[in-house]
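One-letter residues, chain by chain:
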Amino acid sequence: MYILSIISYVIGAILLGISCFTINVATTWWLGGIAVVFLVLGCVFQYNATKKRDLIHHHRH
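Residues numbered from 1 in each chain as written. Predicted model: local features only at pLDDT ≥ 70, side-chain atom pairs only at ≥ 80, totals over all residues. Heavy atoms only, no water.

Colleague: Tell me about the overall build of the protein chain, and name the residues and values.
Modeller: In terms of regular secondary structure, the protein chain is built from 2 helices and 0 strands. In the protein chain, which comprises 61 residues, the proportion classed as buried is 18%. Across the protein chain, the fraction of contacts at a sequence separation of at least 24, relative to all contacts at a separation of at least 6, is 60%. Summing over all exposed atoms, the protein chain offers an accessible surface of approximately 4,900 Å²; the carbon and sulfur share of this is 75%. (Helix = DSSP H or I, 4+ residues; strand = E, 2+ residues; numbered from the N terminus. Buried < 20%, exposed > 50% of the residue type's maximum accessible area, 1.4 Å probe, protein only. Contact = heavy atoms within 4.5 Å. Areas by Shrake-Rupley, 256 points an atom, 1.4 Å probe, with all protein chains shown as cover.)

Structure representation (structure tokens):
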């Protein structure tokens, strides 16, 4: 999950950067929207990875 979060963050950041340099307004919005989806997925994957790690750590003690 941790690797998936990093990949999602990177893809989202790249798409967001690309959307800043597009001329067509519709393309900008589409790329920006897809970028936000990837950034949110990155947050979800990171939360799940942290939650899983905390559960494993909690059960060891």
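There's more to say after this.
Colleague: Give a description of a nonpolar patch on the surface that names residues and reports values.
Modeller: Judged by side-chain polarity, M1, Y2, I3, L4, I6, I7, V10, I11, I14 and I18 come together as a nonpolar surface patch covering roughly 920 Å² of accessible area. One can find M1 in the segment before α1 (2-20). (Patch = residues over 30% accessible without salt bridge, like charges linked within 9 Å, V, L, I, M, F, W, Y side chains within 5 Å. Salt bridge = Lys/Arg side-chain N within 4 Å of Asp/Glu carboxyl O.)

Colleague: Hey, could you go over the side chain of S8 for me, with residue numbers and the actual values?
Modeller: Along the chain, the position of S8 falls in helix α1. With residues up to four places along the chain from it excluded, the contact list for S8 reads F38, L39, L41, G42 and F45.

Colleague: Explain the environment of S5 to me, and be specific about the residues and the numbers.
Modeller: Secondary-structure assignment places S5 in helix α1. Sequence-wise, S5 and V44 are 39 residues apart; in three dimensions their C-alpha atoms are separated by 7.6 Å. Once you skip the residues sitting within four places of it in the chain, S5 turns out to touch G42, F45 and Q46.

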